[in-house]
Amino acid sequence: MNPSDYVADHVKSLPRSGIRDFFAIVSEMPQAISLGIGEPDFVTPWKIREASIFALEQGKTSYTDNRGLLSLRKEISTYVASFFGPEYDPQSEVLVTVGVSEAIDIALRAILNPGDKVLYHEPCYVSYAPSVTLAHGEAIPVGTVPGKSFSLDPEAFEQAWEPGCKILLLNFPTNPTGGTADRSKLERLAKFAVEKDLIVISDEIYAELTYEGEHVSIAELPGMKERTILLHGFSKGFAMTGFRVGFACGPDWLIEAMMKIHQYCMMCAPILSQEAALEALRHGTEDVMRMRDQYQKRRDFIVRRFNEMGLDCHLPRGSFYAFPCVQTLGLNEVDFCHRLLREQEVAVVPGTAFGSHGEGHVRASFSTSYEKLVKAADRMESFVGSLSKERVDEAAV
Ligand code: PLP
């Protein structure tokens, strides 16, 4: 049997995640400091864990309604109305999913016919292009640029549009650049989406982790609620990655289409995670703000240190990632990461793991303790210093 004959072509064509291979090496290095992981270093707040434990003690071990617990959907609807703006009917316009990951997958699968096109901005979260491929769509990345702090450029989307585009996939604040979108740019994008009759999938998983200005959801702009699927979840702001719970809000016909896939491939999100999410929305926002303040202090520190050591780094306005430029050091971003890990035992992720527009950059997550960040910054400074010395020595030969 030739294994290759049995793996679907579109799966064969998917690249392996560069991040995974790299972190297999990091896991073998006990002294390494990792700024590579895209998850909070905080443990889920105790009251949220306790709610899940209590639910287990009460014997809540069953499936739930495919759409999620009604109590949770109601709470999601209230939270979304107060934090993001639009109001959604918990009965028909809210779907609880297994993380935002599942929501992205089923939203794309629910909408795309083979060959339909998806516009999205890049550098971006690693799963976007593969998820489009798995849904038999065609990915059309639109670059955001360091000169504009990787912020959204509506004009670039307008220029990249081509017949067959069906979806505009957005993520603000952005992984890996920390970029956000202000209201005026979103208004222009909304106009573009209406003109071109696009459905918008708006991944706002880092919304609570916005440090500059207010978070604006495109779903709240006039004419957008009826063509937008708003995705959010508990992994980042509430530090609940392991619970695997998120949600989608959107027009009932789109939520119903997503539900059809969800009910066959997932049935429902785990009940204990849904109970935890309910507690998170009811009583967790103070904890979110406490963690957010810590991230902000760490952000200010690490961005300052990057710039002081000569790595040009814009201030990320949201998320917990800094995206410094390593282009001037005479190494590409992949070699930079490998040598930094080998020589100083600090792990950061090559920017190209997030698409070709991440070239010349690395992603450094500041969701790690302040003490570790200080050590990592000192080690990186030594590394950058040694690279500069190498270049001077080379020039002298
Ligand atoms: N969307 C973005 C932009 C992310 O960065 C991530 C995780 O890193 C996800 C979605 C996945 O989130 P979840 O844990 O809810 O599946």
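In case you missed it, the structure is sitting above this.
Owing to the predicted nature of the structure, the values given are computational and were not obtained by experimental measurement. (Residues numbered from 1 in each chain as written. Predicted model: local features only at pLDDT ≥ 70, side-chain atom pairs only at ≥ 80, totals over all residues. Heavy atoms only, no water.)

Colleague: Tell me about the sheet that holds strand 9 (residues 321-322), residues and numbers included.
Modeller: With antiparallel pairing, three strands are arranged side by side in an open sheet as 9-12-11. Of all the strands in the sheet, the pair left with one neighbour each is strand 9 and strand 11 (349-350). Two strands pair when backbone bridges link them, and strand 9 and strand 12 (residues 362-365) are joined in this way by two bridges, in the antiparallel orientation. Residue pairing in the sheet places Ala322 in a bridge with Ala364 of strand 12. (Pairing = 2+ DSSP bridges. Helix = DSSP H or I, 4+ residues; strand = E, 2+ residues; numbered from the N terminus.)

Colleague: Can you break down the pattern of salt bridges residue by residue, with the values?
Modeller: With the rule as written, the count across this model stands at 25 salt bridges. Its salt-bridge partner being Asp116, residue Lys166 comes within 3.1 Å of it at the nearest N-O pair. Pair noted here: Lys166 is in strand 5 (residues 165-171) and Asp116 is in the loop between helix 6 (99-111) and strand 3 (117-122), with a separation of 50 residues, a long-range link. Between Arg305 and Asp378 there is a salt bridge, with the nearest N and O atoms lying 2.8 Å from each other. With Arg305 in helix 12 (residues 285-308) and Asp378 in helix 14 (residues 370-396), this residue pair connects regions lying 73 residues apart in the sequence. (Salt bridge = Lys/Arg side-chain N within 4 Å of Asp/Glu carboxyl O.)

Colleague: So what's going on with the state of the cysteines? Which residues, and what values?
Modeller: For the structure on display, the rule yields zero disulfides. Here Cys124 stays free of any disulfide, with the sulfur of Cys165 as its closest cysteine sulfur at 15 Å. Of the residues examined, Cys124 reaches a relative accessible area of 5% and is grouped as buried. Cys268 carries a free sulfur, and the closest cysteine sulfur to it, the one in Cys265, is 11 Å from it. (Disulfide = S-S within 2.5 Å. Buried < 20%, exposed > 50% of the residue type's maximum accessible area, 1.4 Å probe, protein only.)

Colleague: Explain the site of the ligand to me, and be specific about the residues and the numbers.
Modeller: Around the ligand there are 13 residues in total, and Val100, Ser101, Asp203, Ser235 and Lys236 lie nearest to it. Here Ser101 contributes a side-chain N or O atom positioned 2.5 Å from an oxygen atom of the ligand. Taking Tyr206, its side chain carries an N or O atom lying 2.7 Å from an oxygen atom of the ligand. If the ligand stood free it would expose 400 Å²; the protein chains cover 94% of that surface. The cavity that encloses the ligand is the largest pocket. Considering every element that reaches the shell around the ligand, the biggest residue donor is helix 6, with three residues. Across the shell around the ligand, the residue classes break down as five nonpolar, five polar and three charged. (Near = heavy atom within 4 Å. Polar contact = N/O pair within 3.5 Å; in protein donor to acceptor, adjacent residues only side chain to side chain. Areas by Shrake-Rupley, 256 points an atom, 1.4 Å probe, with all protein chains shown as cover. 1 Å grid on protein atoms, 1.4 Å probe; cavity = no way out; pocket = protein on both sides within 12 Å on 5 of 7 lines; lining within 4 Å. Sits in = over half its atoms within 2 Å of the grid points. Nonpolar A, V, L, I, M, F, W, Y, C, P; charged D, E, K, R; others polar.)

Colleague: How would you explain helix 4 (residues 46-57) if you had to name every residue and give the values?
Modeller: The terminal C-alpha atoms of helix 4 lie 16 Å apart, and with 12 residues this matches the ideal 16 Å at 1.5 Å per residue to within 8%. Along helix 4, the residues that are buried comprise Ile48, Ala51, Ser52 and Ala55. All buried residues of helix 4 lie within an arc of 95° about the axis, which places them on one face of the element. The inward-facing, buried residues of helix 4 contact helix 11 (271-283). (Expected span 1.5 Å × (residues − 1). Arc of directions from axis to C-beta. Contact = heavy atoms within 4.5 Å.)

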